[in-house]
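Observations on chain architecture
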Amino acid sequence: EATSYQSDEKGNLARVGCVLEGEQKAERLRIWAKKVGASRAEITVYSDSHGDLPLLFEAGRAVAVKPDRKLRKVCRKESWEII
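The notes below deal with the structure included here. The numbers attached to residues start from 1 for each chain and follow its sequence in the written order. Totals for whole chains, interfaces and linings use all residues, but because this is a predicted model, local features are given only for residues with pLDDT of at least 70 and pairs of side-chain atoms are given and counted only at 80 or more. Side-chain metrics in this entry use all non-hydrogen atoms of the structure; hydrogen atoms and water are not considered.

Moving on, we come to the side chain of serine 47. The secondary structure listing takes helices from DSSP runs of H or I that are at least 4 residues long and strands from runs of E that are at least 2 residues long, numbered from the N terminus. Structurally, serine 47 is set in strand S3 (residues 44-47). When its relative accessible area of 5% is taken as the criterion, serine 47 is described as buried. For serine 47, the side chain forms a polar contact with the main-chain nitrogen of serine 49, separated by 3.1 Å. A contact between two residues is defined here by any heavy atoms of the two lying within 4.5 Å. Setting aside anything within four residues of it in sequence, one finds serine 47 in contact with Asp52, Leu56, Val63, Ala64, Val65 and Leu71. Buried means the residue's accessible area, taken with a 1.4 Å probe over protein chains only, is under 20% of the maximum for its type, while exposed means over 50%, and partly exposed covers the values in between. Two N or O atoms form a polar contact when they lie within 3.5 Å of each other; inside protein one atom must be a possible hydrogen donor and the other a possible acceptor, and for residues adjacent in sequence the pair counts only when both atoms belong to side chains.

In this section: the pairing of strand S2 (residues 13-18). Following DSSP output, two strands are said to pair if at least two bridges run between them. Both strand S1 (residues 4-7) and S2 contribute to a ladder of 4 bridges, which runs antiparallel. Residue pairing across strands places serine 7 opposite leucine 13, the latter belonging to S2. The antiparallel hairpin formed by S1 and S2 contains 5 residues in its connecting segment, where glycine 11 sits at a positive phi of about 90°.

Now for helix H3 (residues 69-78). Within H3, the full set of buried residues consists of Leu71, Val74 and Cys75. For H3, the arc enclosing every buried residue in end-on projection is 105°, short of the 170-degree limit, so these residues lie on one face. Counted as exposed and oriented over 90 degrees from the buried face of H3: Arg69, Lys73, Arg76 and Lys77. Phi for serine 79, located one or two positions after H3, is positive at around 60°. By definition, the arc is the one covered by directions from the helix axis to the C-beta atoms.

Read these as geometric descriptors, not functional statements.
Now the structure itself:
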């Protein structure tokens, strides 16, 4: 699951349908992991935003992709990979 977008009849972006915030993403990940029997160690999460910190902390491996300043700081503290 992720943020979803809705388009008009011509296929153009019309509006944001649903926005999942960091804690909501983390909860969805917990539900999914339980459903498929995935351990935390088997989960890798990628993000570019500090808003996803709750999600990143749920993963066994957190990777920042062109992180914002706040996320970069946490990555350094937690020794998370930055790409």
